[in-house]
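A closer look at the structure
Listed here are the chains, written in short residue letters.
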Amino acid sequence: DGGITQSPKYLFRKEGQNVTLSCEQNLNHDAMYWYRQDPGQGLRLIYYSQIVNDFQKGDIAEGYSVSREKKESFPLTVTSAQKNPTAFYLCASSKGLAGGYEQYFGPGTRLTVT
Amino acid sequence: GDSVTQMEGPVTLSEEAFLTINCTYTATGYPSLFWYVQYPGEGLQLLLKATKADDKGSNKGFEATYRKETTSFHLEKGSVQVSDSAVYFCALSLGGSSGGYNKLIFGAGTRLAVHP
């Protein structure tokens, strides 16, 4: 079955540590995205990538970094510079960047930093 | 700027009741409109979509019509079930011919609780 996998489902880290969240898709989609969700709020875009080796900042990129070395993979690193890293992180993909292409979401990773 | 406004929740209904969740949007250009559903502890699933004015999206008994004149995309279901309990997000997407990227702009979400 095609889909998006994110691992792990729950992640705990100490303050000051960098942490990398995994996102893999086997839908053969060109575009991939990272969102952050906070309680009672909608999703906010962190980074997106249209194609391998290319990515762009979203609305809240500060304190995060990404890479896109393979079409299937788009890992997100939450750095120690991110002031409020505790959140639910969602990865998504779509066929392309054109409006109207639906985005497919992974199951999410809940990150807790103490 | 571009935005989506949803009715605040939680919405609490009895099983088999009629559901309406209001969604209005502000956008430059001609957005595509989406409803996503999020079950507890999970990611978002696309529920339905509409890409142009007067289109009706439908899925699993849910419907929403793209109303350009009122800039709305209200979600409706004639008879809800306990299994419909979830958070529902309205979203718009701009991009493509407008030159932008496929940015999804989400509403804050509306929690629905259905009781037997």
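Structure first, text after, so check above.
If you're wondering where the values come from, they're calculated on a predicted model, not measured in any experiment.

Residue and element names in this part refer to chain B. In space, the four strands of this open sheet follow the order S3-S9-S8-S7, with antiparallel pairing throughout. Edge positions in the sheet fall to strand S3 (19-21) and strand S7 (56-59), since each of these pairs with one other strand and no more. Neighbour to neighbour, the strand axes of the sheet diverge by 15° on average, direction disregarded. Where S7 lies against strand S8 (residues 62-65), four bridges are found, and the strand directions are antiparallel. Paired with Lys-56 across the two strands is Thr-65, which belongs to S8.

Take the side chain of B:Gln38 next. Within the secondary structure, B:Gln38 is located in strand S5 (residues 32-38). Only 3.0 Å separates the side chain of B:Gln38 from the side chain of A:Gln37, close enough to count as a polar contact. Not counting residues within four places of it along the chain, the set of residues in contact with B:Gln38 comprises A:Gln37, A:Phe88, A:Leu90, B:Gly43, B:Leu44, B:Ala86, B:Val87 and B:Phe89.

Contacts between chain A and chain B engage 25 residues on the former and 23 residues on the latter. The contact between chain A and chain B buries some 1,700 Å² in all, and 52% of this surface belongs to carbon and sulfur atoms. By the criterion of area lost to chain B, the three top residues of chain A are A:Gly100, A:Glu102 and A:Phe105, representing 24% of everything that side buries. Counting every contact that joins chain A to chain B gives one salt bridge. In this structure, B:Lys49 and A:Glu102 form a salt bridge, with 3.0 Å as the shortest nitrogen-oxygen distance. For the pair chain A and chain B, the interface holds five residue pairs in polar contact (both at pLDDT 80 or more). Looking at the side of chain A that touches chain B, the elements with two or more residues in it are strand S4 (31-37), strand S5 (43-51) and strand S9 (87-94) of chain A. Partitioning the side of chain A that touches chain B into residue classes produces twelve nonpolar, ten polar and three charged.

Residues and elements named next belong to chain A. With respect to topology, four strands assemble into an open sheet ordered S1-S3-S8-S7, the strand pairing being antiparallel. Of all strands in the sheet, those with a lone pairing partner are strand S1 (4-7) and strand S7 (64-66), marking the two edges. The average undirected angle you get between the axes of adjacent strands in this sheet is 20°. Of the strand pairs in this sheet, S1 and strand S3 (residues 19-25) are connected by four bridges, and their pairing is antiparallel. Note on S3: the bridge partner recorded for Ser-7 is Ser-22.

A word on the pairing of strand S6 (residues 54-57) of chain A. Residues and elements named next belong to chain A. Here S5 runs beside S6; their pairing, made up of three bridges, is antiparallel. Across the sheet, Tyr-47 pairs through a bridge with Lys-57, a residue of S6. Counted along the chain from S5 to the antiparallel partner S6, the turn is two residues long, and its residue Asn-53 has a positive phi close to 65°.

About the criteria used
- Residues numbered from 1 in each chain as written.
- Chains lettered and ligands numbered in written order.
- Predicted model: local features only at pLDDT ≥ 70, side-chain atom pairs only at ≥ 80, totals over all residues.
- Heavy atoms only, no water.
- Pairing = 2+ DSSP bridges.
- Helix = DSSP H or I, 4+ residues; strand = E, 2+ residues; numbered from the N terminus.
- Axes fitted to C-alpha atoms, helices over the stretch in contact; angles between N-to-C directions.
- Polar contact = N/O pair within 3.5 Å; in protein donor to acceptor, adjacent residues only side chain to side chain.
- Contact = heavy atoms within 4.5 Å.
- Buried area = accessible area lost by both parts, 1.4 Å probe.
- Salt bridge = Lys/Arg side-chain N within 4 Å of Asp/Glu carboxyl O.
- Nonpolar A, V, L, I, M, F, W, Y, C, P; charged D, E, K, R; others polar.

These values are about where atoms sit, not about what they do.
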